[in-house]
Each structure stands twice: as structure tokens, then as C-alpha cells.
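Understanding the architecture of this molecule
The primary structure of each chain is shown beneath.
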Amino acid sequence: MVSKKGSGKTGKQLDAKQLAEKLCNKKKSGWDGITAAAERDIMAFAEDYKRFLDDSKTEREAVATIGRIARRSGYRPIGEATKKDTKLFLNFHGVSCVLASIADPKKFANGFLMVGAHIDTPRLDLKGAPLYEAEDMAYLKTHYYGGIKKYQWVTRPLAMHGVVVLENGKKIDVVIGEDEGDPVFTINDLLPHLAQDQMEKSARKVIEGENLNILVGSIPYNFKPESSAIKVNILKMLHDKYGFVEEDFVSAELQLVPAGGARDVGLDRSFIGSHGQDDRICAFAGMRALLDLPKSDKNVVMVFFDKEEIGSKGNAGANSNLLELAVAEILGNYGVTDYATVLKALRNSKFLSADVNAGIDPEWAGVVEKMNAAKIGYGVCLTKFTGSGGKSNSSEAHAEFVAQVRKAFNKDGALWQTAELGKVDHGGGGTIAMYIAEYGMDVLDVGTALLSMHSPFEVASKADLYHTYKAYKAFYKYC
Ligand code: MN
Ligand code: MN
């Protein structure tokens, strides 16, 4: 059917080009024709983001960073807050957190505008009994966390981040490998000269999970040829510096992540390269959107979840009652304690599931259907459903909600595009959306496209980062 406006029945007849201009949905590059001032804004925003990435290499560090930034912006930990406070920070187990900006406690039953991202990321975790000696070298065993291509993690400098909790409850923070003078760690690979058999293996088997062992030393204690003298020496060094013993590895969360900071990528510096951008890019954009929000009459929330990369389970993931607890605590701060209002607030909320998508990589274009895949630099991705094989295991957003959200984005000039993860029946992926939708609220996936997702060096467009921020802000302002 031809639309009445374009049918030529009224006024002058449009030519095909004019008609296309009027009717066709066009994608637009975030760099195309922008002013020098707009480019400066994009670049400056990316500088803040890189700092955030460098300060937030684990979910615990991310919570600490968010807490610090929020405090500077007038947020108070809920334990210290009174009814008069309108900006609240909620910390769950040190690995998940929530920011809430309350404009009107009387409107709680109307729900919140919420954006939710995750701050955990694929990496290598130390096992509970990690340390061993082989061929007069000491190693630490790891168990990888999340979906990684294991071969990407060998022969690169790795840093160790995390905490060790002693039996007496004392918590020791560990960061090794980030300062210029620090040693780093690494996982070795086989030299090509002797890799004939290895090179015949499938990518899944080239480096196997049990081969992901971290090189940590080779000097024996007192130079005695006793067995385990190297292991003992490593334990001594850890004990001297941090005061923990081998059994304490059991109650530790020590992660190996790529050493070094986020970097600009490309001669024109249009990209950011870093580990952990899934999903800290959405976490940062959402946090900044909330903090930069002009005075609003809406109750708005930003949630930062843990454990998304391993299925959102556990008491800090989206598939727990963390969101419900958070909302109950927020309402409780203002004297609203009945469960019915908590449930009503949840049901009436609107939620953007803020997680990354895959950008089209020309080297691997065969896995996507280009009309419905994300173009790098073309703005934030609006993903109506995730899942795989007939949208299985996804929470598909209702058309009405998608219309509201896109209207808000358009109103504020946030550049957006639709994106599905891959061709139909070519795999897929999930987000936290379906867990949040269980409360009855409207949920839509909106996030940034990445290249090399889940790798030690993920790449994002600075324009996409900026428009992700603009999009979340528009949602908070207008939905
Ligand atoms: Mn993610
Ligand atoms: Mn992921």
C-alpha cells in the first residue's frame, strides 16, 4: 500500500529520491558531518571512560569506583542515609551495586526508570589450591570465568587483581602487574617449531582449560634442592607482602586480567581498546547518564549486576531477588515498608537491559545478517529480543515499549540502530532482560556494539559509547 502523503494525490508528486527520503529508515554514522565541538565531546567522554575501565578491572573494583564517583556526586550509602537524602548508593556483597535518585517518594507505586548493566567480565580465576611446581618453575592453576577463546589468553602480560579473606575476616586487596615497576604474569604457549600436533587441533583444543597455568617464579627458598622449595619461596613472598598462607587461597577471589590500561585504537583515535568493555561500557554510560541527569521529577535507578557472564545466578546476579531487595530498601528509606508497594513499583517500572552487542566485522561478516546487525560507529543498539533458535530464551520487548524508547532517543538526538546478535540459527546470546521481566515491568535491551567481544582486548567506537550515554539519558528524561 502506498501512503496517502506519498501517493501524489495531494500536492506535488515526489520523485523516487524524495519519496525514499521521506519513507525509508536510514542508518547514520556517528562521525558523519559532526562539528569539531561534538567530536571534542565524544573524545572527552572517552577519556573519562578509559579511566573508569582502568580503575575497575574486577567487579569489586567497579563497585568501589562507582561508589567513589557517586559519593562525589552527593550519593550516600543507604545505611547512612536519612529520609531527606534523595541520592542513594546500595552495595550488595561488594560485587553488585545500585544508584537511586529519588525525586518523589509519593510516586513509588508508579515505578522507577531503571537501567541495568553487569560489571563482571570474562577472565581467569585462581583455583582454591592453585600453586604447584614443575620443572623447577612455579605456576598457579586457573579456572576460566565466562565464555572465552582460551587460545587468546596465552603469551600476553597478565595482572592479578582481587581479594584474599583471612580466617579472621581480614580482607587483603591484591593488585600486581599494573604499576610500571611491577612484575606481570603469563601463560606460555608451544613454539611453532614443535607445534605440528597442536596445529592440527581444533581451536577449542589448541589451548585446553587445564593448560591455563600462570607462571609465577623459579627461585627456590635458600637455594636448597629440596622438593617444593620454589613453591615455598613463592608462598614466603606472598606472606611477607600480604600476610596470607596457602590455605587462604580457598577464601580468595583472585583474577588474572590483561595487564595495562585502556588505549586509543587507530590513527584517528576513534576506537577504545580494552579488556572488560562487556559490559563496563554500558555500566559507565548508564552511571554517567544518571549522574548527569538534569533535575528530574522522576525516580530513577541504575543497577550494576555481577555474575552475568556465568548465567546471572547467585545472590549478586540478576537471576536473584537483588533488584527486589534494592527496591524494598530504597522504599524503606522513606518509610514505605509494605511488600505490595514494592511489587507494584517493580511491575510499573521500565527497564533498559544495558548490555553489549556484536558489531559487524568485515573479516567475519558471514555470521551476521547485515540489515539487522550493528554497524560500528552507527550508535547504540536497540535489541528487541536476544536468545537463539527462534528467539528461544529471551524476553522479547513489547512494541509499545520499543516505541516509547525510540521516541525518547529521537527526541534527544541519540543515534540508535536495531541489532540482532548473528544470523538466524547461527548461535546467539542472552542478557539479564528475561530475569528482570519476571517482575512484570517492560524491559528492552539497549547497548553498545563491540568488536572482539569477550577477548582480552575488546574494541568499541567512541561515537557509540557517547550515543549509548545519550540514549540512557534520554530514557531517564523522557520515558
Ligand atoms: Mn554482557
Ligand atoms: Mn558477555
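Residues numbered from 1 in each chain as written. Chains lettered and ligands numbered in written order. Predicted model: local features only at pLDDT ≥ 70, side-chain atom pairs only at ≥ 80, totals over all residues. Heavy atoms only, no water.

What follows covers the domain arrangement of the protein. In terms of domain boundaries, the protein breaks down into domain 1 (36-121 + 275-478) and domain 2 (123-258). At the junction of the two partners, domain 1 supplies 16 residues and domain 2 supplies 17 residues. Interface area for domain 1 against domain 2, summed over the two sides, is near 1,400 Å², with a carbon-plus-sulfur share of 49%. Summed over the three residues of domain 1 that lose the most area to domain 2, namely Lys57, Arg60 and Pro456, the buried surface amounts to 40% of that side. In this assembly, domain 1 and domain 2 are joined by three salt bridges. (Domains from an automatic or database assignment. Contact = heavy atoms within 4.5 Å. Buried area = accessible area lost by both parts, 1.4 Å probe. Salt bridge = Lys/Arg side-chain N within 4 Å of Asp/Glu carboxyl O.)

Right, let's get into the coordination of the manganese ion (ligand 2). Within the protein, Asp278 (OD), Glu309 (OE), Glu309 (OE) and His454 (NE2) serve as the donor atoms for the manganese ion (ligand 2), at 2.1 to 2.6 Å. Each donor residue of the manganese ion (ligand 2) belongs to the same chain, and together they define the spacing D-x30-E-x144-H. Here the manganese ion (ligand 1) and the manganese ion (ligand 2) are spaced 3.3 Å from one another, each receiving a donor from Asp278. With Glu309 in the loop between strand 13 (300-305) and helix 8 (322-333) and His454 in the loop between strand 19 (449-451) and strand 20 (458-461), the pair connects residues that are 145 residues apart, well separated along the chain. No difference in accessibility class separates Glu309 from His454, as the two residues are buried. (Donors = N, O, S within 2.8 Å, 3.2 Å for Na, K, Ca; no water. Helix = DSSP H or I, 4+ residues; strand = E, 2+ residues; numbered from the N terminus. Buried < 20%, exposed > 50% of the residue type's maximum accessible area, 1.4 Å probe, protein only.)

As judged from the eight bridges shared by strand 5 (residues 123-134) and strand 6 (residues 137-145), these two strands associate in the antiparallel manner. Each bridged residue has a counterpart across the sheet, and for Asp125 the counterpart in strand 6 is His143. Two successive antiparallel strands, strand 5 and strand 6, enclose a turn made up of two residues, where Glu135 displays a positive phi of approximately 50°. For strand 5 and strand 10 (residues 252-258), the ladder comprises two bridges, and the chain directions are antiparallel. Its bridge partner being in strand 10, Leu124 is matched across the sheet by Leu256. (Pairing = 2+ DSSP bridges.)

Binding of the manganese ion (ligand 1) to the protein goes through His118 (NE2), Asp278 (OD), Asp355 (OD) and Asp355 (OD), at separations of 2.1 to 2.6 Å. Classification of Asp355 as buried rests on a relative accessible area of 9%.

This part takes up the confidence of the model for the protein. Averaged over all residues, the pLDDT of the protein equals 95, while 98% of them reach at least 70. Throughout residues 1-8 the model reports pLDDT below 50, and contacts reaching past four residues in sequence, or to other chains, amount to six contacts. (pLDDT = per-residue confidence, 0-100.)

This part covers the pattern of salt bridges. Tallied over the full model, the rule gives 24 salt bridges. For Arg68, the salt bridge goes to Asp55, with nearest N and O atoms at 4.0 Å. Here Arg68 is found in helix 3 (residues 59-72), whereas its partner Asp55 is found in helix 2 (residues 36-55), with 13 residues between them in sequence. Taking the shortest distance from any N to any O, the salt bridge between Asp292 and Arg288 comes out at 3.1 Å. Overall, the relative accessible area of 30% leaves Asp292 in the partly exposed class. Its relative accessible area of 18% is what places Arg288 among the buried residues. Through salt bridges that share partners, Glu47, Lys50, Asp264, Arg269 and Lys462 make up one connected network.

Secondary-structure assignment places Thr58 in the loop between helix 2 and helix 3. For Thr58, the residues in contact, after removing those within four places along its chain, are Ile119, His161, Gln255 and Arg280.

In this model helix 10 (residues 399-411) runs 18 Å from its N-terminal to its C-terminal C-alpha over 13 residues, within 8% of the 18 Å that 1.5 Å per residue would give. Of all the positions in helix 10, only Phe401, Val402, Val405, Ala408 and Phe409 are classed as buried. All buried residues of helix 10 fall inside an arc of 125° around its axis, so they share one side. Residues of helix 10 that are exposed and point more than 90 degrees away from the buried face comprise Glu400, Lys407 and Lys411. Elements in contact with the buried residues of helix 10: strand 14 (350-353), strand 16 (380-383), strand 17 (416-418), strand 18 (442-447) and helix 12 (462-478). After helix 10 finishes, the residue Gly413 shows a positive phi value of roughly 65°. (Expected span 1.5 Å × (residues − 1). Arc of directions from axis to C-beta.)

In this approach the atoms are scanned with a rolling probe the size of a water molecule, which exposes any empty space left behind. Here the structure, examined in full by the defined rule, presents one cavity of 30 Å³ or more. Taken as a whole, the largest cavity holds about 30 Å³ of empty space. Forming the boundary of the largest cavity are Thr58, Glu59, Arg60, Gly162, Val163, Glu253 and Gln255. Listing elements by their share of the lining of the largest cavity, those giving two or more residues are helix 3, strand 7 (158-165) and strand 10. Class assignment for the residues of the lining of the largest cavity results in one nonpolar, three polar and three charged. (1 Å grid on protein atoms, 1.4 Å probe; cavity = no way out; pocket = protein on both sides within 12 Å on 5 of 7 lines; lining within 4 Å. Points joined across faces, edges and corners; volume = space filled by probe spheres on them. Nonpolar A, V, L, I, M, F, W, Y, C, P; charged D, E, K, R; others polar.)

A few words now on the layout of surface pockets. Its boundaries defined by the atoms lining it, the largest pocket holds a volume of some 1,300 Å³. Around the largest pocket sit 44 residues that line it, and Ala358, Leu421, Gly428, Met453 and His454 are the ones nearest its centre. Residue assignment for the lining of the largest pocket shows that the elements contributing at least two residues are strand 15 (357-358), strand 16, helix 11 (433-437), strand 18 and strand 19. Per element, the largest residue contribution to the lining of the largest pocket is three residues, and it comes from strand 18. Here the lining of the largest pocket spans two domains, and each of domain 1 (36-121 + 275-478) and domain 2 (123-258) adds at least three residues to it. By volume, the second largest pocket is sized at about 450 Å³. Contributing to the lining of the second largest pocket are 23 residues, with Ile176, Phe185, Val216, Met237 and Leu238 lying nearest its centre.

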